[in-house]
Amino acid sequence: MTNPYTQTFSDDNFSSQVLDNPMPVLVDFWAPWCGPCMAITKTIDELAQEYHDKVVIGKLNVDEHVDVPARYSVRSIPYLALFHKGELVDSLVGSVAKSQITTMISKYTENT
């Protein structure tokens, strides 16, 4: 079951969907074999729904799309990267608590 609020990013659409997006964008770098990645899927989907009018949230499968993870030196997953105005502005590594993610997001959404 897919969440309509959670985007799917790829090497092909990363520039247009993430870097060129006027809204902050949270990218969940993940893989289907990664247990911690699967553990935070529900949290990512919840945040995508809760913040849909303030932040674009989506996932990028590092097995299927290798160029973008290489460009940002993604070495461990899950890797949550927050982009704002085309720049990587913050990140978290691992299966982190929802509160840690909301704290990171709130730095870029408080005035929206």
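Look up a bit, the structure's there.
Everything numeric in this text was worked out from a predicted model, so none of it was measured.

Asks: Would you explain the state of the cysteines in this entry?
Replies: By definition, a disulfide links the sulfur atoms of two cysteine residues through a covalent bond. As enumerated under the stated definition, the model contains one disulfide in all. A disulfide bridge connects Cys-34 with Cys-37, and the sulfur atoms are separated by 2.4 Å. Taking the torsion about the sulfur-sulfur bond, which here is approximately 75°, the covalent link between Cys-34 and Cys-37 counts as right-handed. Residue Cys-34 shares its accessibility class with Cys-37, and that shared class is buried.

Asks: Quick question: what am I supposed to make of the sheet that holds strand β3 (residues 56-61) here?
Replies: Sheet strands line up and pair through hydrogen bonds in the backbone, either parallel or antiparallel. Overall, mixed pairing links the five strands, which are arranged β1-β3-β2-β4-β5 in an open sheet. Among the strands making up the open sheet, the edge pair consists of β1 (6-9) and β5 (87-93). Averaged over all pairs of adjacent strands, the angle between their axes in this sheet comes to 25°, without regard to strand direction. Sheet analysis places β1 next to β3, joined by four bridges and oriented parallel. Paired with Thr-6 across the two strands is Ile-57, which belongs to β3.

Asks: What should I look at first to understand the pattern of salt bridges in this one?
Replies: As a working rule, side chains carrying opposite charge can pair if their charged atoms are close by. Across all of its chains, the model carries five salt bridges by this definition. Its salt-bridge partner being Lys-59, residue Asp-28 comes within 2.6 Å of it at the nearest N-O pair. Of this pair, Asp-28 sits in strand β2 (residues 25-30) while Lys-59 sits in strand β3, and the two are 31 residues apart along the sequence. Asp-28 gets classed as buried once you look at its relative accessible area, which sits at 1%. Glu-46 is the partner of Lys-42 in a salt bridge, and the nearest nitrogen-oxygen pair spans 3.8 Å. With Lys-42 and Glu-46 both in helix α3 (residues 41-50) and four residues apart, the pair spans about one turn of that helix. Judged by its relative accessible area of 28%, Glu-46 is partly exposed. Taken together, the shared-partner salt bridges in this structure form one network comprising Lys-42, Glu-46, Glu-50 and Lys-98.

Conventions used here
- Position numbers for residues count from 1 along each chain, tracking the sequence in the order it is written.
- In view of the model being predicted, local features appear only for residues whose pLDDT reaches at least 70, and side-chain atom pairs are presented and counted only at 80 or more, with totals across whole chains, interfaces and linings using the full set of residues.
- In computing side-chain values, all of the structure's heavy atoms are included and hydrogens and water are not.
- Defined by distance alone, a disulfide is two cysteine sulfur atoms within 2.5 Å.
- Working definition: with a 1.4 Å probe on protein chains only, accessible area under 20% of the residue-type maximum means buried, over 50% means exposed, and in between means partly exposed.
- DSSP bridges decide pairing: two strands pair if at least two such bridges lie between them.
- Helix and strand definitions here come from DSSP, where helices need a minimum of 4 consecutive H or I residues and strands a minimum of 2 consecutive E residues; each element is numbered from the N-terminal end.
- Lines are fitted to the C-alpha atoms to define the axes, a helix being fitted only along its stretch in contact, and any angle between axes, read from their N-to-C directions, falls within 0 to 180 degrees.
- The salt bridge criterion pairs a side-chain nitrogen of Lys or Arg with a carboxyl oxygen of Asp or Glu, the two atoms within 4 Å.

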